[in-house]
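Structural description and commentary
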Amino acid sequence: MGVHVCLYREVKRRTGRKRNRVEVTSEPHLDWDDMRYDGDRELSRILQGVGSIRRNHGDPENYVFWERPADVEALRAALLAEFPGNAQRWNQLCDILTDPDWWIYFSY
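This report concerns the structure included in the present document.

**Focus: the overall build of the chain**
Scanning the chain for helices and strands turns up 3 helices and 5 strands. Its helices and strands in sequence order give the chain the pattern β-β-α-β-β-α-α-β, from N to C terminus. Referenced to the eigenvectors of the C-alpha coordinate spread, the extents of the chain come out at roughly 50 × 25 × 25 Å. Considering the chain as a whole, with its 108 residues, one finds that 33% of them fall into the buried category. Looking at the chain alone, contacts between residues at least 24 apart form 62% of all its contacts between residues at least 6 apart. Looking at the chain as shown, the accessible area adds up to about 6,900 Å², and 47% of this sits on carbon and sulfur atoms. Separation between the mean location of the 16 positive side-chain charges and that of the 18 negative ones in the chain comes to 10 Å.

**Observations regarding the nonpolar core**
Formed by 19 residues in total, the largest nonpolar core has its most connected members in Leu7, Leu43, Leu75, Leu79, Leu93, Leu97 and Ile104. Mapped onto this core, the elements with two or more residues apiece are strand 1 (4-15), helix 1 (40-50), helix 2 (72-82), helix 3 (87-97) and strand 5 (103-107). Here this core takes 5 residues from helix 3, the largest share from any one element. In this structure, isoleucine 104 is in contact with Val5, Cys6, Leu7, Leu43, Leu47, Phe65, Trp66, Glu67 and Leu97, ignoring residues within four places of it in sequence.

**A closer look at the pattern of salt bridges**
Evaluation of the coordinates by the stated rule reveals 6 salt bridges. Note that aspartate 40 is salt-bridged to arginine 89, the shortest N-O span being 3.0 Å. Here arginine 89 lies in helix 3 and aspartate 40 lies in helix 1, a separation of 49 residues in the sequence. A single burial state applies to aspartate 40 and to arginine 89, both of which are buried. Aspartate 95 is the salt-bridge partner of arginine 76, the closest N and O atoms lying 3.0 Å from each other. One end of the pair, arginine 76, is in helix 2; the other, aspartate 95, is in helix 3, with 19 residues separating them in the sequence.

**Description of helix 1**
Looking at helix 1, one finds that the buried residues are Asp40, Leu43, Ser44, Ile46 and Leu47. Count one or two residues on from helix 1 and you reach glycine 51, which has phi positive near 100°.

Parameters at a glance
Residues numbered from 1 in each chain as written. Predicted model: local features only at pLDDT ≥ 70, side-chain atom pairs only at ≥ 80, totals over all residues. Heavy atoms only, no water. Helix = DSSP H or I, 4+ residues; strand = E, 2+ residues; numbered from the N terminus. Buried < 20%, exposed > 50% of the residue type's maximum accessible area, 1.4 Å probe, protein only. Contact = heavy atoms within 4.5 Å. Areas by Shrake-Rupley, 256 points an atom, 1.4 Å probe, with all protein chains shown as cover. Lys, Arg positive; Asp, Glu negative; His and termini not counted. Charge placed at Lys NZ, Arg CZ, Asp CG, Glu CD. Core = buried A, V, L, I, M, F, W, Y, C linked by side-chain atoms within 4.5 Å. Salt bridge = Lys/Arg side-chain N within 4 Å of Asp/Glu carboxyl O.

See the structure below:
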């Protein structure tokens, strides 16, 4: 069974006729390819090894767990050391994660 590594950020939108309600949704990163690649399955383990920040997103009865590295450069070094063949993918991932609004979601 594979895993899809997805990147999301939280977005707040005003809704309603008078635009007086705030709806919290999420949107994917459009430049990130969330298809399965070599090393994606191990990313969660590597992320735990370098230290991560976790949060819940969504309805309290149906939480989705988002995660990001505590130190993006430590994650980059660990990924490149273990999976040098995917250097372009890992560099793109870490470049995106330098923006603290972006979070990793693992879809199994």
